[in-house]
Amino acid sequence: FPSHDTTLNSGLSVLINLKSSDDEFFRNMTGKHRYYVRQAQKQNIQWKFEKPIHLIKDFSLLVAEMARIKKKPKLSLSAKTLERLVSLCPEGVRILVGYFSNQPVAGAVLVGKGRKIWYLHAATNEEGRKLGASYAMIAEIVQRLRDEDVEEMDFGGLGPDTPAFQGPNH
């Protein structure tokens, strides 16, 4: 087979040291982002971080809604694809979904092994955007992973010079 490079995302990332304290984690954010996180954490968002198989349906609905809102159908990640990922990496996949009024508003899929995790995919619907749920979600992920003794999260997929990466860059 001929050899060639394959790019999975932009090639740029931010590594989050999960061994740091909450104070240090927030100190490394801009004041604007600290404010957004604190405001979003005041919302009554209930977070579920359990066996991935229980959250696949809700997460895939979020991704489909986000793809529809952004008019980018290729953003969609089907429940079947997520089920396959979980079957291939049963111990390495984690899904977090946030609920507001018992409806999913934001979520993320994380993949990793041992003490390192990669932030694979995330989605927020219109209600989640109004609530700032994605900001609270990152803080929630950090706390949940710390509880599991994970030491590092690779945020992945940043592209400061690429308009398509505007959401993750922010």
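Our subject in this report is the structure included herewith. (Residues numbered from 1 in each chain as written. Predicted model: local features only at pLDDT ≥ 70, side-chain atom pairs only at ≥ 80, totals over all residues. Heavy atoms only, no water.)

Another aspect to go through is the sheet that holds strand E5 (residues 116-124). Taken in spatial order, the 6 strands line up as E1-E6-E5-E4-E3-E2 in an open sheet, and their pairing is mixed. Both outer strands of the open sheet, strand E1 (15-17) and strand E2 (46-50), are each paired with one neighbouring strand and no more. For this sheet, the mean inter-axis angle between neighbouring strands, taken without regard to orientation, is 25°. Bridge count between E1 and strand E6 (residues 152-154): 3 bridges; the pairing is antiparallel. Bridge pairing in E6 links Asn17 to Glu152. Contacts between helix H6 (residues 133-147) and the sheet are confined to E1, E2, strand E3 (93-100), strand E4 (103-113), E5 and E6, with E4 contributing the most and set at about 40° to the helix. (Pairing = 2+ DSSP bridges. Helix = DSSP H or I, 4+ residues; strand = E, 2+ residues; numbered from the N terminus. Axes fitted to C-alpha atoms, helices over the stretch in contact; angles between N-to-C directions. Contact = heavy atoms within 4.5 Å.)

Moving on to the packing of helix H3 (residues 52-70) against helix H4 (residues 79-88). The N-to-C vectors of H3 and H4 enclose an angle of 155°; their axes lie 9 Å apart at closest approach. Viewed along their axes, H3 and H4 adopt a mutual orientation that is roughly antiparallel. When you trace H3 past H4, the crossing you get is right-handed. Contacts between H3 and H4 involve Pro52, Ile53, Ile56, Phe59 and Ser60 from the first element and Ala79, Leu82, Glu83 and Val86 from the second. For the contact of H3 with H4, the residue count by class is 7 nonpolar, 1 polar and 1 charged. (Parallel < 35°, antiparallel > 145°, perpendicular 65-115°, else oblique. Left-handed = near helix turned anticlockwise from the far one by under 90°. Nonpolar A, V, L, I, M, F, W, Y, C, P; charged D, E, K, R; others polar.)

Treat this as a map of the structure, not an account of what it does.
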